[in-house]
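# Summary of the model geometry
Here's the letter readout for the chains.
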Amino acid sequence: MNLSRFQTTLLFVGSVALLLAVAWAGIAMGSVRLPLREVAIALLHPSLISSDQAVTIVRTLRLPRVLAAALCGAGLAAAGVGAQALLRNPLADPYTMGVSSGAALFAVAGLLATFLIPAISLPPLPVLAMTGAALTFAAIYVLVGAQSGGIYLLLAGVVVGSFCSAFIALLELAAQRATQELLFWLMGGFSTVSWQTLVWLAPLLVWGGGWLAYLSDEMDLLIQGEEAAHSAGVRVRSVQWQLFGAVSLLVGAMVAASGMIGFVGLIVPHAARLIVGGSHRRLLPMAALWGATFLVLIDLVARSILPPAELPVGAITAFLGAPFFLYLLRHRRVS
Amino acid sequence: MLGEQRLKQKMGAEKSAKDPSRQQKEQVLHFEQLHVQLRGRRVLNGVDGQLCSKQLVALIGRNGAGKSTLLRTLIAFYTPTLGSVWVGERLLASLPAVQRARFVAYVPQEPPRPLAMRVVDSLNAAARKTAPANEVSARVAQAAGQTGILPLLDRACTSLSGGEWRLVSIARALAQAPRFLLLDEPTAGLDPMNRYEFWRLARRLAGNGCGLLIATHDLEEGFSFANSLWLLHEGRFLLMAPSTSPDWPNALQRAFSLPLSPFHVDGWASIHVDLRSRADKAPASRAFLQMPIP
């Protein structure tokens, strides 16, 4: 845990290299396996026209997919770090707190409204999802409060999450939409992403993530208690609102792009905290980097286990995350 | 009247911004007619006072007398319903948060421990808010040196003992290089040696020019080590006096409903529970002391 500056830099560089390697694998592997050379040509040779099959696969299918998985992984891990600092609770995670479900519910309701009443004009999907995330987050924060201890927060999150998921299922079934779409919202995945998704996903992630990074020192002080943070010159209320906004923004954007993918915001920040420590200047970038690597890898696994079928990415993260969560609950070292 | 006077003073101060006397005026933290309500309950009912640099004041009073509330109001964490806190010529509430942190720092009684964070990270974060980037490490080293926690810098905050964590919290506040340091029961739960070490540190800080206000329940420590004591009772100051003042026995009797009187021997104070001479005045305490132990 006590890494020197040199070791931290080395770890960071190594993590970037790992992310690139995993991204490369994500592009090259799948139902059609592509040799390294073809991937390189498709990626790097700008003059090639996308007539070749390999080029089409890489440029229109796999590259946007891998980028979206990386962005969502980074965003979810960063949102987890932000929520954990805001609530001073290492078990906080957008998914376990029900915030992802709230975002998905608003997105689904908006989609169905435009489907049933074509004349209606609603804000775009990410905005709807962000509103849902913010409202759910606010409801949990106000109803349970950050002070009352972790377990109540988690209980409230689980209840709100189940409620929203049930509501999503009801809405989808009432509208007689395909079960595939329901599965997408409840379990998440990247099969639907395209370059159009990335156009809004990337700026939103940079905005939300950059905002959190800007608040690194404030988060360091906030987790030492509101009074201590205030005494040290933090504008506590303002910073809490900003964290709330940045986390809602990130979760809304991630859910609109990839549905509900759970536990990334829990597993990845925890692992990063064990290795680089709790100081947010190091924790946040490392968690984002590892989150990106993690989700690209999971997405690769999701589409390689039973080809040509794809497993939902959220199912795999839950499969890994749920036992991990129970382990944390049993062994967490919280004062 | 008072406001007019202040306005004149303020204008005078603005005229002579580089006047060295202004520097001097900023060495005083004073508050007037503070009224504070918490959840509908009136906790402070008009308290006035001033804390100067190099002063070490113990804030005493019963549980719920308003000690913590006063400390939190003096760092603008609570907003008074009436009255105001001034640093020299400036209204504390009107200062930007970072500016305020350079004047007053507060050490809560038991601040939560940040998870997986090293002591040095905790101090760094506090120093970065108030110090220029190139002075952060010097600030942290100085604060750690003053409190004697240099060997702990690389330890995780969650691995420290209660006494060590208390010292780290004090160091975190010192890393802001504040003019005034407010501490809430810093010796509660410490062993005798650590208590003594704490008071030595407090006196050293006061000697270096810091003004300290320390809420404590340990009257003997307060009377032994503080320059003066402020006794809060039912939201007001009952007595603000040096420890040797002859008024203490009466004030303590009123505040604590016990016949307490401090007496000093060689610079150390003990609190004498004077049941014999006041047996008639405190029958309840006497009955309590005569209760058989089963």
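Residues numbered from 1 in each chain as written. Chains lettered and ligands numbered in written order. Predicted model: local features only at pLDDT ≥ 70, side-chain atom pairs only at ≥ 80, totals over all residues.

## Regarding the overall build of chain A
Just so we agree on the cut-off: The helix and strand labels rest on DSSP assignments: H or I over at least four residues marks a helix, E over at least two residues marks a strand, and numbering proceeds from the N terminus. Values of the radius of gyration come from C-alpha atoms, whereas the globule rule sets the reference at 2.2 Å times the count of residues to the power 0.38. As a rule, residues whose C-beta atom has 12 or fewer other C-beta atoms within 10 Å are exposed, those with 20 or more are buried, and those in between are partly exposed; C-beta atoms are placed from the backbone. For the purpose of contact definition, each residue receives a C-beta atom placed from its backbone, and two residues are in contact when these atoms lie within 7 Å.
Within chain A, the regular secondary structure consists of 14 helices and zero strands. Beginning at the N terminus, the succession of helices and strands in chain A can be written as α-α-α-α-α-α-α-α-α-α-α-α-α-α. For chain A, the C-alpha radius of gyration of 20 Å lies close to 20 Å, the compact-globule estimate for 335 residues. A principal-axis box enclosing the C-alpha atoms of chain A has dimensions of 65 × 55 × 35 Å. Residues classed as buried in chain A amount to 51% of the 335 residues present. Contacts spanning at least 24 positions in sequence make up 77% of the contacts within chain A whose residues lie at least 6 apart.

## Describing the overall build of chain B
Of the regular secondary structure elements, chain B holds eleven helices and twelve strands. Here chain B holds 294 residues, and 39% of them are scored as buried. For chain B, long-range pairs separated by at least 24 residues make up 62% of all intrachain contacts whose partners lie at least 6 apart in sequence.

## Here we look at helix H4 (residues 99–116) of chain A
Applied cut-off: By definition here, a helix of n residues has an expected span of 1.5 Å times n minus one.
The terminal C-alpha atoms of H4(A) lie 26 Å apart, and with 18 residues this matches the ideal 26 Å at 1.5 Å per residue to within 8%. Three or more residues of H4(A) are buried, namely Val99(A), Ser100(A), Ser101(A), Gly102(A), Ala103(A), Ala104(A), Leu105(A), Phe106(A), Ala107(A), Val108(A) and Gly110(A).

## Considering unusual backbone geometry
Residues and elements named next belong to chain A. Of note in this structure, Arg88 is not a glycine but carries a positive phi near 50°. Within the secondary structure, Arg88 is located in the loop between helix H3 (53–87) and H4. Looking at Arg88, the number of C-beta atoms within 10 Å reads 20, which means it is buried.

## Observations regarding the interface of chain B and chain A
Stated precisely, the cut-off is as follows: Polarity classes work like this: nonpolar for Ala, Val, Leu, Ile, Met, Phe, Trp, Tyr, Cys and Pro, charged for Asp, Glu, Lys and Arg, and polar for all others, with Gly in that last group.
With 31 residues of chain B at the interface, the matching set in chain A holds 26 residues. Those elements giving two or more residues to the side of chain B that touches chain A turn out to be helix H4 (97–103), strand E6 (104–107), helix H5 (119–130) and helix H7 (162–174) of chain B. Considering every element that reaches the side of chain B that touches chain A, the biggest residue donor is H5(B), with seven residues. Its residues placed into classes, the side of chain B that touches chain A shows 18 nonpolar, four polar and nine charged.

## A few points about the confidence of the model for chain B
All names here are of chain B. What counts, and what does not: The predictor rates its confidence in each residue with pLDDT, a number between 0 and 100.
Of the residues in chain B, 84% reach a pLDDT of 70 or more, and the chain-wide mean stands at 84. Mean pLDDT values for the elements of chain B range from 46 in helix H1 (residues 2–15) up to 95 in strand E8 (residues 211–215). Scored below 50 in pLDDT, residues 7–20 makes six contacts in the model with residues more than four places away or belonging to other chains. Here the prediction assigns the complex a pTM of 0.85, and the interface score ipTM is 0.83.

## Section: helix H8 (residues 192–207) of chain B
All names here are of chain B. Keep this limit in mind: By arc we mean the arc of the directions from the helix axis to the C-beta atoms, nothing more.
Taking 1.5 Å per residue as the helical rise, H8 with its 16 residues ought to reach 22 Å, and the 23 Å between its terminal C-alpha atoms agrees with that figure. For H8, the complete set of buried residues consists of Phe198, Trp199, Ala202 and Ala206. Viewed along the axis of H8, the buried residues span an arc of 95°, placing them on a single side of the element. Pointing more than 90 degrees away from the buried face of H8 are the exposed residues Met193, Arg200, Arg204 and Gly207. Buried residues in H8 make contact with strand E3 (56–61), E8 and helix H9 (219–225). Once H8 ends, the next one or two residues include Gly209, with phi positive near 110°.

## Let's talk about the sheet that holds E8(B)
All names here are of chain B. The cut-off we apply is this: Strand pairing is defined by DSSP finding a minimum of two bridges between the two strands. Fitted lines through C-alpha atoms give the axes, limited to the stretch in contact for helices. The angle between two N-to-C directions lies from 0 to 180 degrees.
Across the sheet, which stays open at both edges, the six strands sit in the order E6-E7-E8-E3-E9-E10 with mixed pairing between neighbours. The sheet terminates laterally at E6 and strand E10 (236–242), the two strands that pair on one side only. The sheet shows a mean angle of 15° between the axes of neighbouring strands, direction not considered. On top of the sheet, H7 reaches E6 and strand E7 (180–184); it is set at about 165° to E6, its chief contact.

## Some details on the sheet that holds strand E4 (residues 82–87) of chain B
All names here are of chain B. Reading across from one edge, E2-E1-E4-E5 is the order of the four strands in this open sheet, with antiparallel pairing throughout. Both outer strands of the open sheet, strand E2 (41–52) and strand E5 (90–91), are each paired with one neighbouring strand and no more. As defined by bridge partners, E4 adjoins E5 across two bridges and the pair is classed as antiparallel. Residue pairing for E5: Trp86 is matched across the bridge by Leu91.

## Remarks on the packing of H3(A) against helix H12 (residues 264–276) of chain A
Residues and elements named next belong to chain A. So the rule is basically this: Each angle is binned into one of four classes, with values under 35 degrees roughly parallel, values over 145 roughly antiparallel, values of 65 to 115 roughly perpendicular, and all other values oblique.
Look at H3 against H12: their axes get within 8 Å of each other, and the N-to-C directions meet at 75°. For the element pair H3 / H12, the angle class is roughly perpendicular. Contacts from Gly73, Leu76, Ala77, Ala79, Gly80, Val81, Ala83 and Gln84 in H3 reach Val264, Gly265, Leu266, Val268 and Pro269 in H12. Its residues assigned to classes, the contact of H3 with H12 comprises nine nonpolar, four polar and no charged.

## So, the pairing of strand E12 (residues 268–273) of chain B
All names here are of chain B. By the bridge criterion, six bridges tie strand E11 (residues 260–265) to E12 in an arrangement that is antiparallel. Bridge pairing in E12 links Pro262 to Ile271. Following E11, the chain reverses through two residues before pairing antiparallel with E12; Asp266 in that reversal takes a positive phi of roughly 50°.

## A word on the environment of Leu82(B)
Residue and element names in this part refer to chain B. Structurally, Leu82 is set in strand E4. Using a count of 13 C-beta atoms within 10 Å as the deciding quantity, one classes Leu82 as partly exposed. Once residues lying within four places of it in the same chain are set aside, the contact partners of Leu82 are Gln33 and His35.

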